[in-house]
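# Secondary and tertiary structure notes
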Amino acid sequence: MDVLELYRRTGALLEGHFLLRSGLHSPLFLQSAALLQHPLYAEAVGEALAKLFEEERVDFVIAPAIGGVVLSFVVAKALGARALFAEKDGGGGMVIRKGLTVNPGDRFLAVEDVVTTGESVRKAIRAAEALGGVLVGVGAIVDRSKGRVDFGVPFRALLALEVPQYPEEACPLCREGVSLEEV
Ligand SMILES: O=P(O)(O)OC[C@H]1O[C@H](OP(=O)(O)OP(=O)(O)O)[C@H](O)[C@@H]1O
Ligand SMILES: O=C(O)c1cc(=O)[nH]c(=O)[nH]1
Ligand SMILES: [Mg+2]
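Residues numbered from 1 in each chain as written. Chains lettered and ligands numbered in written order. Predicted model: local features only at pLDDT ≥ 70, side-chain atom pairs only at ≥ 80, totals over all residues. Heavy atoms only, no water.

As a reminder, the rule being used: UniProt positions are given in the numbering used here, feature names are shortened, and annotations may be inferred rather than shown by experiment.
Within an unreviewed UniProt entry, the label attached to the protein reads Orotate phosphoribosyltransferase, and the organism entered is Thermus arciformis. Under Sequence similarities (unreviewed entry), UniProt gives the following word-for-word description of the protein: "Belongs to the purine/pyrimidine phosphoribosyltransferase family. PyrE subfamily." The UniProt entry for the protein carries the following text under Cofactor (unreviewed entry): "Mg(2+)".

### Details of the pairing of strand 7 (residues 134–143)
Going by this rule: Residue exposure (1.4 Å probe, protein chains only): buried if accessible area is under 20% of the type maximum, exposed if over 50%, otherwise partly exposed. Only DSSP runs of H or I with at least four residues qualify as helices, and only runs of E with at least two residues qualify as strands; both kinds are numbered from the N terminus onward. For two strands to count as paired, DSSP must find a minimum of two bridges between them. Crossover handedness is defined by viewing with both strands directed away from the observer: a clockwise path from the first strand over the helix to the second marks the crossover as right-handed.
Most of strand 7 sits inside the fold, with nine of its 10 residues counted as buried. Of the strand pairs in this sheet, strand 6 (residues 107–115) and strand 7 are connected by eight bridges, and their pairing is parallel. Looking at strand 7, one finds that Glu-112 is bridged to Ala-140. Traced from strand 6 through helix 5 (residues 119–130) to strand 7, the parallel crossover comes out right-handed. Bridging between strand 7 and strand 8 (residues 155–160) involves five bridges; their strand directions are parallel.

### Let's talk about the packing of aromatic side chains
This is how the line gets drawn: Geometry of aromatic contacts follows a simple scheme: Phe, Tyr and Trp rings, the Trp one being its six-membered ring, pair when their centres are within 6.5 Å, and the pair is stacked under 30 degrees between planes, edge-to-face over 60, tilted otherwise.
Enumeration according to the criterion identifies three aromatic pairs in this entry. Considering the side-chain rings of Phe-18 and Phe-29, the 5.7 Å spacing of their centres and the 45 degrees angle between planes classify their relative orientation as tilted. In this pair, Phe-18 is assigned in strand 1 (residues 13–19) and Phe-29 in strand 2 (residues 25–30), connecting sequence segments 11 residues apart. An angle of 80 degrees between the planes, with centres 5.2 Å apart, marks the rings of Phe-151 and Phe-155 as edge-to-face. A relative accessible area of 11% means that Phe-151 is categorised as buried.

### Things to note about helix 4 (residues 69–79)
Basically, it comes down to this: Contact definition: two residues touch when any of their heavy atoms are within 4.5 Å.
Among the residues of helix 4, those classed as buried are Leu-71, Ser-72, Val-74, Val-75 and Ala-76. Those residues of helix 4 that are buried are in contact with helix 3 (39–51), strand 3 (60–64), strand 4 (82–88), strand 6 and strand 7. Looking at the residues trailing helix 4, positive phi occurs at Gly-80, about 70 degrees.

Given below as structure tokens:
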């Protein structure tokens, strides 16, 4: 599957000067919602990601909202597992959406649309682990972490991208006066 072509075709590959969740700045942004709004593409991505973990027996899949909600659903459907998500708790962490259950000992796969620092998916993982879930893997559509993340379990992505990303004080786009977009 040519993931970059899917982002491009759906208008989800943005170029400019972007503020990332982590505070880093980047000339490239992957707007996964624009891709995942297409059910057939979402399903294809979910099936491809599920395939990377087909040897795992998984009780549920979890992702951080909002970007990961659709992804959790399509991956879970392909694995025959439940689809959970965690949402921001207002205090910098994440909680499992109310009404959703984690049984102690449940094996789970965490998924994320884009991993940059991995902090967002880590918060969803912590929320599931706090209720007794056992993490077996982490999957992403795009890994732009440049190998800097370690979840302690297999981390597999459909696409690894080497994209420049800078702390604000070292950002050349800021120096050139290119206006910063918060997307
Ligand atoms: O690996 P990280 O450094 O945490 O960055 C990546 C995260 O940023 C985006 O979510 P964001 O919270 O911006 O928006 P969302 O609520 O639409 O998912 C994206 O969906 C990832 O969850
Ligand atoms: O790091 C991020 O916040 C981020 C990068 C990216 O390419 N896409 C996205 O949704 N978030
Ligand atoms: Mg997100």
